[in-house]
Number of protein chains: 2
Amino acid sequence: MGRRTTIIDVAKECGLSQATVARVLNGQKDIQVKEKTRERVLKAAQKVGYRRNALAANFRRQQTNTIAISIADITNPFFPELIKGIQDKMRDCGYSVIQLNNEWNPDIEQEHFQYMVQTCVDGAIISPSHPMTNFDTLETVPFILLTNSDLFSNYDTVGNDSKAGMRIALEHLYGLGHRRIALLVGGSMSSGSSWRRDLFCEFYREKGMSLPANMQVACDFSVSSTASFVQARKSMENFLSQNPLPTAVFASNDILGLATLQVANEKGIQVPEQLSIVGMDGIFSGEVSSPPLTTVKKNRAEIGRMAAQTLIDKIKKPQGWQTKRLVLPCKLLERGSMGPA
Amino acid sequence: MGRRTTIIDVAKECGLSQATVARVLNGQKDIQVKEKTRERVLKAAQKVGYRRNALAANFRRQQTNTIAISIADITNPFFPELIKGIQDKMRDCGYSVIQLNNEWNPDIEQEHFQYMVQTCVDGAIISPSHPMTNFDTLETVPFILLTNSDLFSNYDTVGNDSKAGMRIALEHLYGLGHRRIALLVGGSMSSGSSWRRDLFCEFYREKGMSLPANMQVACDFSVSSTASFVQARKSMENFLSQNPLPTAVFASNDILGLATLQVANEKGIQVPEQLSIVGMDGIFSGEVSSPPLTTVKKNRAEIGRMAAQTLIDKIKKPQGWQTKRLVLPCKLLERGSMGPA
DNA sequence: GTCAACCTTGATAACGTTATCATTTTAGGG
DNA sequence: CCCTAAAATGATAACGTTATCAAGGTTGAC
């Protein structure tokens, strides 16, 4: 009765061996089969309604044509474009994509690694939840990291040059005459916060300016974007009450930048006339604010595509792989929240 | 050499049959095995480092514990929370999730359906790209639709009661004294646009008001959120030049609402003092605008979880399934863009 | 015409699990 | 203590594909 038709049914139908049928229907490109037999097979397959059993093939070849993505949280507006870039490239190359959210929780992340091993994904693209993430549990699963941090310099990584990006923003503000530039960073959990502070101080030093007091704000790091935004609002409500105000704020991501903007708007501080605000990432929300948020844009789709391509290369070249570190530049995206001092 | 350890190795190690070992290690809950043997097996498994080969199991059982989600586009801010809800519930139930973007393109959607059949997903959750989507190509794959449209009343669906939601918004505006309320909808592709217009006209009629001229704006539908936003801006730049202005705008989604808000801000139209704006969906960007956008919120995570649960129920009960249509209410989320007329 | 080299095709053995049925062991009642 | 029923375990056959190697055909040069 309703048994699924197999390669054997096709073989019977066309009077050829199942080996030949397999070569025609599921063979790689290195086929060696006469045009005439190919047609016979195809016709028979059509007739009996053959459909390849992917599970059997996966089992036999011990590969799934599936890769996994491990990120913090798909609802964080930073990630969807990145994911999309990965998906698009992967789909072009015949892979499907399973996406896992670790909610910045290293334990969940480890669970996910376990899962990847269990489920035999062909590879993984990982945005590390944590500077100390242990990748040994991934065993033989090939993986690529989405970061440019020095902390992961032994691994294959694809990331934006955030340092250069931050520098561009600061230089640009300086060029516009800003001398009281403030820095807004997320809390200690965010692995990037310390280098940002370092770079910030160094920038002031380089320019021969002394760093005014009270020019750095750290707000608590939160799992969700909404919570982060609320935290940042609180910090900025306080911060933007001081006198004199800074003339510009560099926020280490757009969510913090948008919080700053909203508070400034509420307080009647004119942006950009009285206060310039520059964010980082280039998320959609920055486009719809009033004024639109000037930002250091990371091309997340491109990062995703490159990570995907790199992973595929790595999967296809199991030995002799050389660690790769790909770095993409950031670009200053001038919208409306930055002006002369 | 480095061969993977199998159930047979475990059996040898502990001197039991592979059947028994399998019962212990991979058996369902209906186990019937003595506690003592269970321990023997577990210990042996540990010793030889057994790890279940999921591919073999999938093949044998002809199921993948994987479900697919088909949506328009993960970069559309409406979707990530929905996806998250699905993922969370599915993960709790031992399923993993593959997410596919059709970019509102019915052809790509059909490709995805093909893929689902091929790849033997256990089920699918689908946000239809199109009112005429053909689901026959899904063959025996059980699926749930994310919609509440009457067009899909023969299928299992989970969706928000958008009509009721829109009505709530209009009533509320009316209650605040608004009599010149405008409607902003996306273009013809959006299957929802016609019922919105109908409901809009009916509302005016019900209230015994005559519908003023020039109170409906349609802007071209675009694939990406950014493009939609730009389109909507164009339409509203024009629309908000008229005299007299409406006192309120109901936008059929937040992106359109935010475009309206941004244009109003640019034109120096005070929101909400001169113009109230209400959107629909409750996306993150509406939280960070100035003022924050009042909106008819859809609980997308909840929709996702319910869809996931319903799909699981359907998968587990192959026969005797009764078509289910789940409808969740929308809530008015008052933020800052709505006030008295 | 022969022989080698190559191109096609065929036969068949895995792959590691689950499921079925048979067999052995245990428990319980008389 | 035996017999029966139930519980626990064992033996083994799939599942449908891919991969390996062997066998058969064809071609072309000498």
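Residues numbered from 1 in each chain as written. Chains lettered and ligands numbered in written order. Predicted model: local features only at pLDDT ≥ 70, side-chain atom pairs only at ≥ 80, totals over all residues. Heavy atoms only, no water.

## Side note on the overall build of chain A
Part 1: If you tally the helices and strands in chain A, you get 12 helices and 12 strands.
Part 2: A compact globule built from 341 residues would reach a C-alpha radius of gyration of about 20 Å, whereas chain A, at 26 Å, exceeds it by more than 25%.
Part 3: In terms of principal-axis extent, the alpha carbons of chain A reach across some 90 × 35 × 35 Å.
Part 4: Relative to its full complement of 341 residues, chain A shows a buried share of 51%.
Part 5: For chain A, long-range pairs separated by at least 24 residues make up 68% of all intrachain contacts whose partners lie at least 6 apart in sequence.
Part 6: Accessible surface, chain A as shown: approximately 15300 Å² in total, 49% of it carbon and sulfur.
Part 7: Averaging the positions of the 40 positive and the 33 negative side-chain charges in chain A gives two centres separated by 9 Å. (Helix = DSSP H or I, 4+ residues; strand = E, 2+ residues; numbered from the N terminus. Rg over C-alpha atoms; globule rule 2.2 N^0.38 Å. Buried < 20%, exposed > 50% of the residue type's maximum accessible area, 1.4 Å probe, protein only. Contact = heavy atoms within 4.5 Å. Areas by Shrake-Rupley, 256 points an atom, 1.4 Å probe, with all protein chains shown as cover. Lys, Arg positive; Asp, Glu negative; His and termini not counted. Charge placed at Lys NZ, Arg CZ, Asp CG, Glu CD.)

## Let's talk about the domain arrangement of chain A
Residue and element names in this part refer to chain A.
Part 1: Partitioning chain A into structural domains gives domain 1 (7-61), domain 2 (66-159 + 300-327) and domain 3 (162-297).
Part 2: Inter-centroid distance (C-alpha atoms) of domain 2 to domain 3 is 29 Å.
Part 3: Taken together, the contacts link 10 residues of domain 2 with 11 residues of domain 3.
Part 4: Area buried by domain 2 at its contact with domain 3 is led by Pro77, Trp104 and Arg300, which between them contribute 46% of it.
Part 5: On inspection of domain 2 and its partner domain 3, the count reaches one salt bridge.
Part 6: Linking Asp150 and Lys163 is a salt bridge whose minimum nitrogen-to-oxygen distance equals 3.6 Å.
Part 7: Per-class residue counts for the side of domain 2 that touches domain 3 are four nonpolar, two polar and four charged. (Domains from an automatic or database assignment. Buried area = accessible area lost by both parts, 1.4 Å probe. Salt bridge = Lys/Arg side-chain N within 4 Å of Asp/Glu carboxyl O. Nonpolar A, V, L, I, M, F, W, Y, C, P; charged D, E, K, R; others polar.)

## Focus: the sheet that holds strand E6 (residues 181-186) of chain B
All names here are of chain B.
Part 1: Here we have six strands laid out as an open sheet, ordered E7-E6-E8-E9-E10-E12, and mixed in their pairing. Strands at the two margins of the open sheet, each flanked by one partner only, are strand E7 (216-219) and strand E12 (331-333). The mean inter-strand angle of the sheet, taken between neighbouring strand axes irrespective of direction, is 20 degrees.
Part 2: The sheet contact formed by strand E10 (residues 294-297) and E12 spans three bridges and is antiparallel. Within E12, the position partnered with Lys297 by the bridge is Lys331. (Pairing = 2+ DSSP bridges. Axes fitted to C-alpha atoms, helices over the stretch in contact; angles between N-to-C directions.)

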